[in-house]
Amino acid sequence: MAEELTPETPEETEEQAIKQRKNGLYPGVSDELAENMKSGWADTELRGLEPIAQADKTAERRAALSARFPGERLVIPAGRLKTRSNDTEYAFRASTEYAYLTGDQTQDGVLVLEPTKSGHEATIYLLPRSDRENGEFWLDGQGELWVGRRHSLTEAEQLLGVPAKDVRELAEALREATGPVRNVRGHDAGIEAALTDKVTAERDEELRVYLSEARLIKDSFEIAELEKACASTARGFEDVVKVLDKAEATSERYIEGTFFLRARVEGNDIGYGSICAAGPHATTLHWVRNDGDVRSGDLLLLDAGVETTELYTADITRTLPINGRYTELQRKIYDAVYEAQEAGIAAVKPGAAYRDFHDAAQRVLAEKLVEWGLVEGPVERVLELGLQRRWTLHGTGHMLGMDVHDCAAARTEAYVDTTLAPGMCLTVEPGLYFQADDLTVPEEYRGIGVRIEDDILVTEDGNRNLSDALPRHADEVEAWMAALKG
C-alpha cells in the first residue's frame, strides 16, 4: 500500500487542510512540482447523465418523509470512514436511512430537507471533486489520485435528482440554523456536534423510528433487488457445494472465501458475516469465526447472503451433509425442521398476525421434542413455558431488506404486533440445536445443529419464496449436491 506525499511546511498543511503522514519518504513538495501538478489535465466532467434507476422511488420516499414532519429541518447523514487500524479504514457502507432516501452511497454525504411553506426542499451535501488548485487531489489521503474519482456536484444532481452542495459548508450552516431540527444519530459526529443545542434524543429517535417503519413495505424496486440478492446467493451456495472437498482439506474459511467471491463479483458485499458452521459449530447460532474443521459425515450449516450493489441483502440458510448424504439421525432432525418451516411459511399471508409463522413453526418443533422424549409434554405446557427453547433458542424470523434485520427500530406495535401486508419481506428460519455438552439428550444427538431459512415475500394472495431456487427437502438437497459434484 503506497504512502501519500506530504506538503512542505505546517503552514501549507493548515492552508490546504491536507493530512501529513509521519515518516514519509518525501520531505516536502517543491514549488515547481506543486505548480506542475496544477495543469495539463483533461476535462473529465461527465455530461448528459441519466438518473439512477430508483430516482423516482427515492423522490417518493422523501415526499412521504416531508409529509410526516412538516415545518421541521431533517438531517440524514451517510456517515464517515471508520478506522480499522492506524491509517487504514474499513470499507465504507452508507447508512441505510441515507441510501434509502437518496440512492447515493458516498462517504460524508448528508441529505437535508429544509422546511418550506409547501413542504420541504431537499438538498444533498457531498464532497465535490478533489481540488487540483491546492493539491488535494494528489497530496491528501482521500484525494482523487489515491482513492479514485468522485462525482462532481453537477454530476450528482443529474444522477440523484436532488440539488447538490459542498458538504464542507454544511456544519457551519447548521450551527446558524433556527427552528426545529431532527437528525439521524450515530453516523456523523461532526454533524451531531453542529446540532448539539438544536435537537433532542426523543425527537431524533422519532425520525429514526419513522424511517425504519417506512421500509416495512417494499416497493417494486426493492422487491427486484431482493430477488437479485436471492439469485446471487443461490449461486454462491452452489459454488460452496462444488468445493467442499477443498474445504475438507483446509477449513471453514474456504467456504467463507468461496461465498465471498460470489458476493463481491455479483454484488456489493456480503450482507452480514457469513456463518459457515461445520459439525458441532452448527449449534452456535452466530458462528462467524469460521476457522473449524470440515469433516465428511458432519453437517454444514451455511447461513449467508449477498448484498446487491444497491444494498439489499438476502438471508438464506441451508444445512448440508458434507459428504452428500444425511445419516438416519441427521435426516430425522432435518425433517423435523423442514416440517416446522413448511408450517411457518404456510402461515405467511396478508392479514395474518406477524407472530403466526413463529407460533406455527414452534408448535411443530415442540411436538417433535415431546415425541422424541427430550421434554415432557403435553405440547401446550411446553409452549406455555417455552421449554422447547433449550434446543431452538431464537425467533423464527425477522424483516429483511437493506439491513439483514431490517426495520429494527420500528415500534413493537408496527412490527411483531402487527398484521402482515403485501410487500413485506421476512425470513422463516426454524432450527434445532443440540449442544455438544448437553447431557439432557442422547449422546448421538449432541453436536448436531440444523436450520433452514428462506426469504418470503407477502403477496396479495399469500406469499412467494424468493429463495426457492435452493432445494429444501432432504431428498432434493442430496440430489442437488450430487449433480453439482458431477
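Residues numbered from 1 in each chain as written. Predicted model: local features only at pLDDT ≥ 70, side-chain atom pairs only at ≥ 80, totals over all residues. Heavy atoms only, no water.

As annotated in an unreviewed UniProt entry, the chain carries the name Xaa-Pro aminopeptidase and comes from Streptomyces flavochromogenes. Check the Catalytic activity (unreviewed entry) section of the UniProt entry for the chain; it says "Release of any N-terminal amino acid, including proline, that is linked to proline, even from a dipeptide or tripeptide." For the chain, the Cofactor (unreviewed entry) comment in UniProt is given as "Mn(2+)". (UniProt positions renumbered as here; feature names shortened; annotations may be inferred.)

Draft legend 1. Inspection of the overall build of the chain at higher detail. Along the chain, the regular secondary structure elements total 17 helices and 17 strands. Over its C-alpha atoms, taken along the principal directions, the chain stretches across nearly 80 × 55 × 40 Å. Every one of the 486 residues in the chain was classed for burial, and the buried ones make up 51%. Within the chain, contacts between residues separated by at least 24 positions form 68% of all contacts whose residues are at least 6 apart in sequence. On the chain, roughly 22,500 Å² of surface is accessible, and the fraction owed to carbon and sulfur atoms is 49%. Here the chain holds 55 positive side-chain charges and 90 negative ones, and the gap between their average locations is 2 Å. (Helix = DSSP H or I, 4+ residues; strand = E, 2+ residues; numbered from the N terminus. Buried < 20%, exposed > 50% of the residue type's maximum accessible area, 1.4 Å probe, protein only. Contact = heavy atoms within 4.5 Å. Areas by Shrake-Rupley, 256 points an atom, 1.4 Å probe, with all protein chains shown as cover. Lys, Arg positive; Asp, Glu negative; His and termini not counted. Charge placed at Lys NZ, Arg CZ, Asp CG, Glu CD.)

Draft legend 2. Structural view of unusual backbone geometry. For the peptide bond that leads from Gly377 to Pro378, omega is 5°, which places it in the cis range. Here Pro378 shows up in the loop between helix 15 (356–371) and helix 16 (379–385). You will see that Asp108, though not glycine, has its phi angle at about 75°, which is positive. Summarising the element assignment, Asp108 is placed in the loop between helix 4 (96–102) and strand 4 (110–116). Notably, Cys407 is not glycine yet its phi reads approximately 60°, a positive angle. You can see Cys407 is positioned in the loop between helix 16 and strand 13 (425–428).

Draft legend 3. Structural view of the pattern of salt bridges. Counted under the stated rule, the structure contains 43 salt bridges. Residues Arg235 and Glu266 are paired through a salt bridge, measuring 3.0 Å at the closest nitrogen-oxygen approach. Linking Arg235 in helix 11 (residues 220–242) with Glu266 in helix 13 (residues 252–266), this pair joins segments that are 31 residues apart in sequence. Under the relative-accessibility criterion, Arg235 is labelled partly exposed at 33%. The class of Glu266 is partly exposed, set by a relative accessible area of 27%. Among the ionic pairs, Arg295 bridges to Asp293, the shortest N-O distance being 2.9 Å. The class for Arg295 is partly exposed, based on a relative accessible area of 44%. (Salt bridge = Lys/Arg side-chain N within 4 Å of Asp/Glu carboxyl O.)

Draft legend 4. Just the sheet that holds strand 10 (residues 299–304), in detail. Across the sheet, 3 strands lie side by side as 9-10-12; this open sheet has antiparallel pairing. The open sheet has two free edges, formed respectively by strand 9 (275–278) and strand 12 (316–321), since each of these has just one partner strand. The sheet shows a mean angle of 10° between the axes of neighbouring strands, direction not considered. Contacts from helix 11 reach strand 10 and strand 12, with the element oriented near 20° to strand 12. (Pairing = 2+ DSSP bridges. Axes fitted to C-alpha atoms, helices over the stretch in contact; angles between N-to-C directions.)

Draft legend 5. Region of interest: the UniProt feature "domain: Aminopeptidase P N-terminal" (unreviewed entry) in the chain. Mapped onto the present numbering, the UniProt feature "domain: Aminopeptidase P N-terminal" (unreviewed entry) falls on residues 53–192. This span, residues 53–192, is 34% helix and 22% strand, and a straight line between its end C-alpha atoms measures 31 Å.

Draft legend 6. The packing of aromatic side chains, seen in detail. Within the structure shown, the criterion is met by 8 aromatic pairs. Between Tyr326 and Tyr334 the ring centres are 4.9 Å apart and the planes differ by 40°, which places this aromatic pair in the tilted class. Each member of the pair, Tyr326 as well as Tyr334, is classed as buried. Between Tyr354 and Phe357, the ring centres sit 5.3 Å apart and the planes meet at 90°, which makes this aromatic pair edge-to-face. A relative accessible area of 1% means that Phe357 is categorised as buried. Ring pairs connect the aromatic residues Tyr354, Phe357 and Tyr415, which therefore count as one cluster. Over the face of the ring belonging to Phe69 we find Arg68, whose NZ or CZ atom lies 4.3 Å from the ring centre. Geometry around Phe137 places Arg132 over its ring, the cationic atom sitting 4.5 Å from the centre. (Phe/Tyr/Trp six-rings, centres within 6.5 Å; stacked < 30°, edge-to-face > 60°. Lys NZ or Arg CZ within 6 Å of the ring centre and 35° of its normal.)

Draft legend 7. Structural detail: the pairing of strand 17 (residues 462–465). The pairing of strand 16 (residues 454–459) with strand 17 spans 4 bridges and is classified as antiparallel. Bridge pairing links Leu457 to Arg464 in strand 17. The antiparallel hairpin formed by strand 16 and strand 17 contains 2 residues in its connecting segment.

Draft legend 8. Focus on the nonpolar core. Counting 91 residues, the largest nonpolar core has Leu65, Ile76, Ile255, Ile333, Trp372, Leu432 and Phe434 as its most contacted members. Within the second largest apolar cluster, 17 residues are counted, among which are Ala347, Val348, Met424 and Val428. (Core = buried A, V, L, I, M, F, W, Y, C linked by side-chain atoms within 4.5 Å.)

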